[in-house]
Structure formats: structure tokens, C-alpha cells
Amino acid sequence: MANPHDYATAAPEIFLALAAMALLMLGVFRGNRSTRSLCWLAVASFAIALLLVFQAPAERSVSFAGMYVADSFTAFVKAMVLIASGAGLIMSMGYIRDEGMARFEYPVLFMLATLGMMMMVSANDLIALYMGIELQSLALYVIAAFQRDSLRSTEAGLKYFVLGALSSGMLLYGCSLIYGFTGATGFDAIAVALKGQEHAGIGLIVGIVFLCAGLAFKVSAVPFHMWTPDVYEGAPTPVTAFFAVAPKIAALALFMRALIVPFLAISADWQQIIIVISIASMLLGAFAAIWQDNIKRLMAYSSIGHVGYALIGLAAGSTEGVRGVLVYLAIYLAMNVGTFACILCMRRKTGMVEGVSDLAGLSKSNPMMALALAIFMFSMAGIPPLGGFFGKFYVFIAAMNAELYALAVIGVLASVVGAFYYLRIIKVMYFDEPGEPFEGPMSVEMRAIIGLCSIVVVFFAFYTAPFVASAEVAAAALVP
Amino acid sequence: MYHAIVFLPLLAFLIVGPLGRMLGDGPSQWITCGAVIISALLSLLAFWQVALGGQPVRVEVASWIVSGTFDVSWALRIDQLTAVMLVVVNGVSALVHVYSVGYMAHDPHKPRFMAYLSLFTFAMLMLVTSDNFLQMYFGWEGVGLASYLLIGFWYHRPAANAAAIKAFLVNRVGDFGFGLGIMATFMVFGSVDFDTVFAATPGQAGKTFHFLSWDWDVMTTICILLFIGAMGKSAQVPLHTWLPDAMEGPTPVSALIHAATMVTAGVFLVARCSPMFEYSPTALVVVTIVGASTAFFAATVGLVQNDIKRVIAYSTCSQLGYMFFALGIGAYPLAIFHLFTHAFFKALLFLGSGSVIHAMSDEQDMRRMGGIFTIIPQTYGLMWIGSIALIALPPFAGYFSKDAILESAFAAHTGAGDFAFWLGLAAAVMTAFYSCRLMFMTFHGKPRASQEVMSHTHEAPPSMLIPLYFLAAGSFGAGFLFDDYFIGDGHAAFWGQSIVMLPDNAILEALHHVPAWVKYAPVAAGIVGILMAWQFYIRRRDIPANLAKVHAEAYRFLLNKWYFDELFELIFVRPAKWLGRMLWKTGDGRIIDGFGPDGIAASVLNLARRASALQSGYLYHYAFAMLIGVAALVTWYYTSTGGGH
């Protein structure tokens, strides 16, 4: 029998689970016409969960027999996840109405996926880890295929499902190997078992690689990224926007915890894997996007590249590195939500358009949107003084201090190549002959999101210090 | 006060340069003229205190560069030599500033012109007040820049642009030598401060250093390198080719930069470095030979030129040659004396010719002038004063300096000295000839200009004439007034420590003890030249044409300036262009761009295409990639950590 304190530790998750079920009941009884109000209720639930996350005590508390942990790290990440999910849902409302997919399950699935992510973030045990991942993934598979009438959407969902199942299999296999060679599934227990060792045995090596493979699939790092471009392109755009942000943040947080907490003793070993994955992701993200004209596909490669940069911080394995990843993810959140909000506004009379060339002359037909998108693109390219520069700056600093010079240099070079396609979008918007303008006017919530994200990105330089300090606190909770 | 002398022109430039358009023409002219005139008056005061009062001063401005043992401060060194130069530079500059107000009255870019003039004045002042080689180099490059800007002032004229570029490039050659000389000085002495270097020079005399399997004399090497710099700036053969072309610039520029001040920077440099040159007899012989050759060469070319400004330009070149061979035989004060007097009469000639050009509606070819001495009598009279000073008839200024130079060359009793004496004497005849030829062709005979031009011919406005009167006064009086101070009995007291002559160098004494015929020869040469010109251009006007026909080869040889330009074109310009084109097309275009930017860009695109081609869309490809990835990672992990333990 768990003690009452256990439940308090998981209060945001428990609330979200109950709210999701309540909304499901509501939806079942009220039907699809209630979708819009359900969406807003879901957003409100996210907001309440966010409050619960913030009011939780800052010190580390472990519950459910060590399977579940809450500390300032989880609070930091959960806050980002909830914001990303909320923004994703708000951006979806207009789209699902216009595209005739406004069914009441949509917000409920969002909530369940978010619940899964929060469980991932708090997982302190291989079993809890798996549970969180599966809850999240199963919800996401369905959302990817949510546009049932669209061949592309269903294909995307199916691909994601099959490959996700394969990755889950690998993950589980890795977990069982780790259990076999350490005799424990809890992260803390594994850490105790490995204490004093400098190198892992071959069995544990294989186990860690399989675990990494499963997690790398979730963050879409090379070479487990193959699903990303197809799913991003095929899934409905707001779903893609959701995919690109919240699950990435949760999975990266889990990635960090699952490697740093149990395997800190042998960090020199797994760093090798992360370095390879990171370099491969950065390079592929930089090169493969160059020829893309579909902006969703382009964003898929962009996100692969961004994950590569974030993994630099993990490869450093230090407090500084984790801090760098957290800062990076926060800025990534703002840039990506903003960019996808712009993409969701690319609508003509004939329907949604997704080509980069469709942006031609946007600076004349919709100067504010062009300016916002230009800000996001500059930021993604890492041009100071925008936020994206600071994100990269902190992970590169961590890599330099961890003496991973080659990694940092390759990162910088890859960001130069990557800058090409970001700048190309700006060039298309500002210098190409204007095409047919998009259908105006943008909805209020879109404007609010784009405006907020631009402000965060542009003015990040002014509140860097307090923000980085809180990221530092969060990172210190993870790395002893 | 010394700060004001140097920085007032800079201040004027900084105000008028960027703000000239806003200020308008009038205020721009007032600011620049005012600043330079005040600076000139203060220079006179400085001359009084420093040179006549014998009180050299050193004013520290700022610490400039401190890097390891390399410590250079920015200081103004105002000794007697500098004081003389201050008077010359600021005096002529002030007159030229005023003159420009009249001369450039019809030009739409007056503020820019005035700003450039002030910038030039500042740079020249930096040069002459420098306390170390580096500061001098700064001024040296500064005047080069201002010269470039002013020669190309009428930038819409291709000839002006070409001349500006030519001046810049030829000067680069000299400046490179100067730069090497400074570096060598620093290498040998560990300092670029004049005081430190000059004090240590006697210790280095006769020492050698090893370079390219040869032993070189230290002082000779440094001095010749410095002299190469001087050759470039002072247009000595073979680096003289830019000076005649520089006449494409406005005439006040020619007067200020290409006659009175900048081109004499080389003379100043050698005089300033007299403590070093004194220890290198070889370098002095080189200076003598180059100077004498230039004096002779430029005079021969001057005989046949038809452009009024080019005649004077070659005359300048020739007179600079005189100054250099005076330096070469060790008579540094004499060279500076000639520099001083020359500044007056050559600026007078240039500004006078500017007045003529102004009167003749921008006509520069003497073959289309003539018969105007009654129309512009003041200019005519003033130009005669300048010409006679140049021909060096007593009691005009040129007589005192030029005569003394020729006498000292004879008195040196060396091979190089005799060489200089005879070439200098020949040049004196030619000087008189081409000066009078210029006067006769320009002012006498029947008018050869068109009716329309003649109807507009008019005397210059007062702003142009007043400076001419000042310069005429200098051309007349500067000789006998300062003869005693500069080269006479008082010269040792006058120059103090600013010019060093070794105890056995008594050339200034020796020049008074030459045979009588030597004393009379220069004046006689001048009179012969004048009579010949009178015979050729007043009495028997058919002679020049006949001579040119009979000696067509020689005439063309002179007219084409001994084919120096053609020779350089063949030896340097064409190979340089060929090399440049090869490096551009093959080296940069094909190799660097090909393998660099273009090549990388192409391979990035290629790589990008392959990377996106990986995305086949087939599920089993993706699953396969994941499995391969796991296998590769396990392998990598296993090998990179040296296997399990």
C-alpha cells in the first residue's frame, strides 16, 4: 500500500489522468459538437497541471517504491511539455474544424499523450520508463492517423506505429539485458550496482545500445530517424507541430535521466554512442533539408538537426551539459511552435499549402507574418542576438568544457550548412516574386501564439541570466 | 602651439570632410583656409623660436604602440630642420588653399577638394614632425593617400584615374623599400626612435650581416633601402614616371604636392637621416649618381614637352635631382636650402601656369597659347620672377642655392662629384632653355588660340594673384636673406644637432675655394640657355621645327621621355597583368573557387541530394536502417572502449 505522500508526488499526472477520463465521458455523451469546448477544457487542464507542477516542493521526492521521481528537473521539463501541448492544442482548433476532423477524441488523445510524456519525465525505473513511453506513443500513433480519410495521414500513422513497435521491442530488449547484467531495474539501484566500475561489460554494453536505440527513435536521432520526414509530412499539420515539440522534449529529458542517473559511473562509455548519434543527426539535419521544398518535411530534418545539437549537451554529461540541453529545448519550443503556427496560416482558397515556394513574396502580402517567420528562421540558424544563438551557445560551451572539441567544431560547421535552408526561406519570402496571397486574416489565437513566440525569441537575450540560472538548478537535480 | 600647428589642418579636414555638403562651399573654404593660415602663422613663430632661437623641442602626444620590446610613442619633434619644413609646408599650403578658392570657383566639389588639401597638409606635417620612423611612415603613407585622392580628384576623367593609380603604384615600390629600411633599422638597433637609432649608428658603422650567402654592410643596406623610399616619393629615376602624369590633378595640387612639399619628402628623409648616411659612403655615392642622372634626364625631356604643366613637372624632377646630389656629396644643409628656395619659385611657376590655364579656358598645350603677355601682365611678370629664380640668376633665390650646389659638387673632388657637376651644369643650360621656351611660347608671338578663347582671356581674381605675390617675394628674397643661416658661416649654429656632418666633411667650407671659372659657370650656363631660347623662339622661329625634322630620332626619344613608360610597360606592367590574369582565372577561379567555395557548395548539394535519396518511403528500408544502426553502434561502442572488461 503506497503512502499518501506517493500520490502527492504524482499529483499533476493523477489530475491529468482523471481530467482526461472525465473529458472522454463528456465527449461520449455530448458528441463531436462539443469538441471545441473540450479542447478549451483540455487546455485548462494543462494549465491546472502546470500550476500543480509549480506548487510541488522543490526538493527531490521519490515515490511508488522508487519508480517515480519528482524534482526541479522534472518540474522544469514538465512545464515545457505542458506549455507545448497546450500551444499545440490551441493551434489545432481551427485546423480540425476546417478539415472536418473535429472529433471529440482529439483533445482526449492529446491529454493522454501528454500524460505519457509527464510519466516519462518522472520515470525512475526501466519499467516506469517503458510505461510512460508506451502511453505516449500509443496516443501519438492514433493522432498521426487521425485524418482517417487522408491516405497520407493513415500511411504516416501506420509507419509510425510499425517502426515504433520495433523500437519498443529494442528498448525492452535493452532493458532486459540491463536487468540481467545489473540485477536491478530502478535507476538508483543500477547506479549502486555499477558503483566503482569504470567500464561496462559486453552484455551491459549491448543493453545500453539497445536502450539508446529505443530512446533515439523517440527523439528521432540518426540512424533511428527514418520515420520522421514521412510522418511529419503525412500527419495533419497541427499534429506535426505537436510531434515536433512536446514528445521531443519529454523523450530528451528521459534520455538524459536514463543515461546519467543509472550509468554515471560508466559515462565515458555511453558518451561514445551519444557523440556518434549527435554528429550523424547534425550532419543529416543540415544536408538532407537542402533539397526539400515541402516545409513540413524541411521542419522534420530541421528537428533532426536540433536534436543533434541538444545531444551535444548530453554527450558532455555534466551539469553544464544538461543545463545547455534544457535551455536549448526551451528555445526550440518557442521557435518551433512559432514556425508551425506560421505554417498553419499557409492556407489558400484551394486548401492548405506546404511548399517553401508558396511563401514567395510573403513580405508584401503579409509583412507581419513574414517578419515573424524570418525571426524564427534566423533564430534556428543560430544568428545572434536571437534565442537560437544562446541555445547553441550553451551546448557548445558545455562541449568545450568537457573537452569534446571535435564535436563542437562539427556542430558549428553543420550549423553553417544548416543556415542555408533557413536563409533560403527568408530569401523566398523577401526577394521572390509574390504568388497568390494566403487567405486572411489570421485567427486571434494564432496571432497571440506567433507574437508570444517572437517575443520570447527576440528578447531572450535580456532574460538569459535568470533563465539559465533556473535551468542550472534543474540540471543540478539530475547530475549529482 | 605645436599641437595647434599639426592638428588644426586635421580638425579642418574632419569638419569639412564629412560635413562639407551640409556646410556649403563658403564655410568649407573659410574653415580650411582659416585653419591652415593660423597653422602657417604659428609655423613662422615656431621657426623664430626653434630655428633662429636655437631651441629644439619635443612634444609628447600619446603613447602609440607598446608591444614587447617595440615601444613607439607619438611625439612631435620640432628641431631646426622640422622648423624649416614647417614654414615651407604650411606657408605654401596656406597660399595654395587661398589660391584654390579662386581656381576651383567653377568646380561643384569645392568642399571635398578643400578637405583633401587639409588632409594632405596634416599628413605632411605628421611626416616632418615625426620623432621616429614609424610615425614618419604614417605621414609618408598619408601624403601618398592624399596625393592619390587629389590626382584623381576629377574622377570622371579616365586619364586622371589612371594617373592616380600610377602614382599610387609607383610609390608603393618606393614605400616598400622604405618599409624594409624601417624593419632593417628595427632589426639592427631594436628601436625606431630617431634619437636612439642615431646615437647607436657610429657603433654599427662597417659591420656586416649575412643574408643570402653574402655579407652586406649594415649601414649601406639600411641607407639604400631608405633611399629607395625617397626615390619613389621624390620622383627620381627610374621611379619618376608618375610625376608628369600626376599633372592630371588640379593645378593647385600640382603646386602644393608635386612641387613644393610632398615630392621633397625624400630630400627631407635623407637629411633627417644624415647621421646614418654619413656612415655609408657607398650609399652617398648612389644618391649622388641617381640625383645627377635625374637632374640631367628630366631636363632633356623638359626641352621638348608641349604641355605647360609637364614642362614644369620635369623641371621639378630635375631640381629634385639637384637636391639629391647635394645630399649625396654630404652637403645636407645645401639640399634643404635648395628645397626651401625651390618651394617658392616652383609653387609660383605652377600657380602662375594655373593662372594662365585659367585665363585660357583650361587650355594646357603651349602650342595653342602665345601673345597674351599684354592681356595678363601681372601673371606674366610674376612668372618671369619664378623663371629667373629657377634659371638661378643673381640675386634671385635660386642663384644662391643652385650655384652653391654646383660648386660643392665640383669641390667634392670625387668621381661621383665630378659626374654630378658636369651633368648638373648641362642641366642648368637646359633649365634656362626650357624655362624661357615656356615663357616665350606661352606669352609671346602671335595668339595661336581660337578667337573665342582669346575673347575670354582675363587676368586672375585677387584670391589667385595675392598668393602669387607672396611667392614672388619669396622667390626673390629667400636666397640672400637666408643664405648665411642655411649654408654660410652661421650654418653650424643654425642647424644645431638636427643635421649631422662628420668632422671631416667640410664641403660647405670647401665650396668657397673653387676656381673662379666654376663660380661663373652656372650663371654663364643660364645666360647661354636664355640666349638660345631667344634665338629659337623669338628671333628664328623656324629652327625648332627644322631641328626636330633633322634629328627626328633624337626628338622622338626626348618627346617620349626616353621611352621609360614603354619600357616599364614591357618589363613590369604586362608580365604583372599576365600574372594577375593567370592567378585570377586559373589560380583563384579554377583552383581556389573550384576546390573551395564552388567545389564545396557543389559537393554539399550532391551530398544533400544523396541524403534525401536515402528516404525511400519503404518501411522495411527504415526498419533495416534501424537494425543496421544498432549493430553499428554496438560495434563502435565495443571497439572504441577497447572491449568489455
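Residues numbered from 1 in each chain as written. Chains lettered and ligands numbered in written order. Predicted model: local features only at pLDDT ≥ 70, side-chain atom pairs only at ≥ 80, totals over all residues. Heavy atoms only, no water.

Student: Can you tell me about the overall build of chain B, naming the residues and giving the values?
Tutor: The helix and strand tally for chain B stands at 28 helices and four strands. In chain B, the share of contacts with a sequence separation of at least 24, taken over all contacts with a separation of at least 6, comes to 80%. (Helix = DSSP H or I, 4+ residues; strand = E, 2+ residues; numbered from the N terminus. Contact = heavy atoms within 4.5 Å.)

Student: Quick one: what's the story with the pattern of salt bridges, residue by residue and with numbers?
Tutor: Counted by the stated rule, this structure contains 35 salt bridges over all chains. A salt bridge links Asp188 of chain A to Arg60 of chain A; its shortest N-O distance comes to 3.3 Å. With Asp188 of chain A in helix α8 (residues 187–194) and Arg60 of chain A in the loop between α3 (35–55) and β1 (61–63), this pair connects stretches of sequence that are 128 residues apart. Relative accessible area serves as the criterion here: at 40%, Arg60 of chain A is assigned to the partly exposed category. A salt bridge links Glu354 of chain A to Arg152 of chain A, with the shortest nitrogen-to-oxygen separation between them at 3.2 Å. Of the two residues, Glu354 of chain A sits in the loop between β4 (351–352) and α15 (362–365) while Arg152 of chain A sits in helix α7 (residues 151–182), which places them 202 residues apart along the sequence. Note on Glu354 of chain A: relative accessible area 17%, which makes it buried. In this structure, a network of salt bridges that share partners links the residues Arg58, Glu60, Arg77, Asp79, Asp131, Asp195 and Arg272 of chain B. (Salt bridge = Lys/Arg side-chain N within 4 Å of Asp/Glu carboxyl O. Buried < 20%, exposed > 50% of the residue type's maximum accessible area, 1.4 Å probe, protein only.)

Student: Pulling in residues and values, what's your account of the side chain of Arg257 of chain A?
Tutor: Note on placement: Arg257 of chain A falls in helix α11 (residues 237–263). Not counting residues up to four positions away in its chain, the partners in contact with Arg257 of chain A are Arg60, Val69, Asp71, Phe73, Thr74, Val121, Ala123, Asn124, Phe187, Pro262 and Leu478 of chain A.

Student: Which residues make up the packing of helix α16 (residues 377–391) of chain B against helix α17 (residues 397–411) of chain B, and what values do they have?
Tutor: How two helices pack is summed up by the angle between their axes together with the distance between the axes. All names here are of chain B. Their axes nearest at 7 Å, the elements α16 and α17 cross at an angle of 15°. Compared by their axis directions, α16 and α17 come out roughly parallel. When the axes of α16 and α17 are compared, the crossing they make is right-handed. Counting all contacts with α16, which are made through Ala389, Leu390 and Ile391, the residues of α17 involved are Ala397, Gly398, Tyr399 and Lys402. Of the residues belonging to the contact of α16 with α17, the class tally is five nonpolar, one polar and one charged. (Axes fitted to C-alpha atoms, helices over the stretch in contact; angles between N-to-C directions. Parallel < 35°, antiparallel > 145°, perpendicular 65-115°, else oblique. Left-handed = near helix turned anticlockwise from the far one by under 90°. Nonpolar A, V, L, I, M, F, W, Y, C, P; charged D, E, K, R; others polar.)

Student: Tell me about the pairing of strand β4 (residues 214–217) of chain B, and please be specific about residues and values.
Tutor: Across four bridges, strand β3 (residues 208–211) of chain B lies against β4 of chain B in antiparallel orientation. Note on β4 of chain B: the bridge partner recorded for Phe209 of chain B is Trp216 of chain B. (Pairing = 2+ DSSP bridges.)

Student: Tell me about the interface of chain B and chain A, and name the residues and values.
Tutor: In this complex, chain B contributes 27 residues to the contact, which on the side of chain A involves 39 residues. Both faces combined, the contact of chain B with chain A buries some 3000 Å², and carbon together with sulfur accounts for 80% of it. Here chain B and chain A share zero salt bridges between them. Linking chain B with chain A are three residue pairs in polar contact (both at pLDDT 80 or more). Listed by contribution, the elements that provide at least two residues to the side of chain B that touches chain A are α27 (597–613) and α28 (619–640) of chain B. Per-element tally for the side of chain B that touches chain A: the top contributor is α28 of chain B, with 14 residues. Grouping the amino acids of the side of chain B that touches chain A by side-chain chemistry returns 18 nonpolar, eight polar and one charged. (Buried area = accessible area lost by both parts, 1.4 Å probe. Polar contact = N/O pair within 3.5 Å; in protein donor to acceptor, adjacent residues only side chain to side chain.)

Student: Lay out the packing of helix α6 (residues 158–189) of chain B against helix α7 (residues 194–204) of chain B in plain terms, naming residues and giving numbers.
Tutor: Residue and element names in this part refer to chain B. Look at α6 against α7: their axes get within 11 Å of each other, and the N-to-C directions meet at 70°. Classified by the interaxial angle, the pair formed by α6 and α7 is roughly perpendicular. Contacts between α6 and α7 pair Thr185, Val188 and Phe189 from the former with Val197, Ala200, Thr201 and Gln204 from the latter. Partitioning the contact of α6 with α7 into residue classes produces four nonpolar, three polar and no charged.

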